[in-house]
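Below are the chains, spelled out letter by letter.
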Amino acid sequence: MAGHARGPFVAGNWKMNLTLAGAVDLARKVAAAGPELRPCDLLLIPPFTSLGAVGAALAGSDVALGAQDLFWEDAGAFTGEVSGPMLRDAGCAYVLVGHSERRLHFGETDETVGRRARAALKAGLRPVVCVGEVLEEREGGRTMARIDDQIARGLGALSRDEIERLVWAYEPVWAIGTGRTASPAQAGEVHAHIRRRIEEGYGKATASCAIILYGGSVKPANSYPLFKEENIDGFLVGGASLEAEGFIGIAREALRAYREEK
Ligand code: 13P
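Residues numbered from 1 in each chain as written. Predicted model: local features only at pLDDT ≥ 70, side-chain atom pairs only at ≥ 80, totals over all residues. Heavy atoms only, no water.

Visitor: Looking at this structure, I do not really get the packing of aromatic side chains. What am I missing?
Guide: How two aromatic rings sit relative to each other is given by the distance of their centres and the angle of their planes. Applying the stated criterion across every chain, the model contains five aromatic pairs. An angle of 55° between the planes, with centres 6.3 Å apart, marks the rings of Tyr170 and Tyr214 as tilted. With a gap of 44 residues between them, Tyr170 in strand β6 (residues 167–170) and Tyr214 in strand β7 (residues 211–215) connect regions that are remote in the sequence. Linked through ring pairs, Phe71, Trp72 and Phe78 together constitute an aromatic cluster. Above the plane of the ring of Tyr224 lies Arg256, whose end atom (NZ or CZ) is 3.9 Å from the centre. (Phe/Tyr/Trp six-rings, centres within 6.5 Å; stacked < 30°, edge-to-face > 60°. Helix = DSSP H or I, 4+ residues; strand = E, 2+ residues; numbered from the N terminus. Lys NZ or Arg CZ within 6 Å of the ring centre and 35° of its normal.)

Written out as structure tokens, the structure reads:
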């Protein structure tokens, strides 16, 4: 195994959970674990309402702040939406784009995912772009074709510099919140495919530095074998990130796998 180009990257997507007090408490616990978890990159992604308070709790720590979505216009009459410049102003360095729950419940398409990714880049945010197939597509042998479509339609217009600022997240929809994790081999196969596509489009150096996260029922107990796959660079964690021990445990297990490579 060639090993990972960099330390693990572990992000917690809190989805529509936690009010201010719980969010701040969780952020403080993760921030306190930051030094122990170096060189792991840590990212917390709370709901919009707690970005300010979580950002304050993370100030001076190793842990970065991200948002769960953005709109592609900078400002204007778009009731209910939040823009890239607003997220930068709130202290975000990252923003999720194209999460399958946005695609499923809120009408996101590959094209609107692309617009959002471009808006994030323009605002100086790093988009964490989510791709992944539904169960029918997997069972019908269409996983790679679906991933190819998501990449081509959503991100085809990006330059190499822009692609290098992305974080990729492979989240098979059938594994999200179901307790049914992709096996390391299943996930590793799709991650290798994504890296190959990046290499074809943008060259070997860009592909080898790309951060490709896996998401879908990640827990401390399954993160070690998943990170052993050379193309899995870390995790985008939902449910298990709502407890400090779960999130920190996942980062510890990824680090254990990473250190064994050295
Ligand atoms: P779960 O870890 O709860 O399966 O959620 C994964 C996810 O959607 C992270 O974005």
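So, next bit.
Visitor: Quick question: what am I supposed to make of the site of the ligand here?
Guide: Neighbouring the ligand are 13 residues; His99, Glu171, Gly177, Ser217 and Gly239 lie closest to it. Note that an oxygen atom of the ligand is positioned 2.8 Å from one of the side-chain N or O atoms of His99. Interatomic distance of 2.8 Å between a backbone N/O atom of Gly239 and an oxygen atom of the ligand. Within the complex, the protein chains bury 95% of what would otherwise be the 310 Å² of accessible surface of the ligand. Of the residues in the shell around the ligand, the class split is four nonpolar, seven polar and two charged. (Near = heavy atom within 4 Å. Polar contact = N/O pair within 3.5 Å; in protein donor to acceptor, adjacent residues only side chain to side chain. Areas by Shrake-Rupley, 256 points an atom, 1.4 Å probe, with all protein chains shown as cover. Nonpolar A, V, L, I, M, F, W, Y, C, P; charged D, E, K, R; others polar.)

Visitor: What's the story with the pattern of salt bridges in this structure? I'm lost.
Guide: Pairs can form between side chains of opposite charge once their charged atoms are near each other. Enumeration over the complete set of coordinates arrives at 21 salt bridges. Between Asp69 and Arg116 there is a salt bridge, with its nearest N and O atoms 3.3 Å apart. Of this pair, Asp69 sits in the loop between β3 (63–67) and α3 (84–89) while Arg116 is found in helix α5 (residues 110–122), placing the two residues 47 residues apart along the sequence. Comparing Asp69 with Arg116, the two get one shared label, buried. The partner of Glu260 in a salt bridge is Lys228, with the nearest N and O atoms 2.5 Å apart. Taken together, the residues Glu260 in helix α12 (residues 244–261) and Lys228 in the loop between α11 (220–227) and β8 (234–237) connect sequence positions 32 residues apart. Through salt bridges that share partners, Arg103, Asp110, Glu137, Arg146, Asp149 and Arg153 make up one connected network. (Salt bridge = Lys/Arg side-chain N within 4 Å of Asp/Glu carboxyl O. Buried < 20%, exposed > 50% of the residue type's maximum accessible area, 1.4 Å probe, protein only.)

Visitor: Mind showing me how you'd approach the environment of Met16 here?
Guide: Its place among the elements puts Met16 in the loop between β1 (9–13) and α1 (20–33). Met16 sits in the exposed class, given a relative accessible area of 81%. Separated by 151 residues in the primary sequence, Met16 and Val167 have C-alpha atoms spaced 22 Å apart.

Visitor: I keep staring at the environment of Pro127 and nothing clicks. Help me out?
Guide: Residue position: Pro127 is located in strand β5 (residues 126–131). When its relative accessible area of 0% is taken as the criterion, Pro127 is described as buried. Pro127 sits 36 residues away from Ile163 along the chain, and the two C-alpha atoms are 9.7 Å apart. Setting aside chain neighbours within four positions, we find Pro127 in contact with Val95, Val97, Ala117, Ala120, Leu121, Arg165, Leu166 and Val167. (Contact = heavy atoms within 4.5 Å.)

Visitor: Hey, could you run me through the nonpolar core in this one?
Guide: Soluble, globular proteins show a tendency: their nonpolar side chains are buried together. Within the largest apolar cluster, 74 residues are counted, with the highest numbers of intra-cluster contacts made by Val10, Leu87, Trp168, Ile194, Ile198, Tyr214 and Phe235. With nine residues, α12 is the largest single contributor of residues to this core. When residues no more than four places from it in sequence are discounted, the contact partners of Val10 are Cys40, Asp41, Leu42, Leu43, Phe235, Val237, Phe247, Ile250 and Ala251. By size, the runner-up hydrophobic cluster in this structure holds 13 residues, among which are Phe9, Leu43, Tyr94 and Leu236. (Core = buried A, V, L, I, M, F, W, Y, C linked by side-chain atoms within 4.5 Å.)

Visitor: Where do I start with the environment of Pro172 in this structure?
Guide: Within the secondary structure layout, Pro172 lies in the loop between β6 and α9 (184–202). When the C-alpha atoms of Pro172 and Tyr214 are compared, they prove to be 8.6 Å apart, with 42 residues separating the residues in sequence. If we skip the residues at most four places from it in the chain, Pro172 touches Gly132, Glu133, Ala182, Tyr214 and Gly215.

Coordinates in, geometry out; function isn't part of it.
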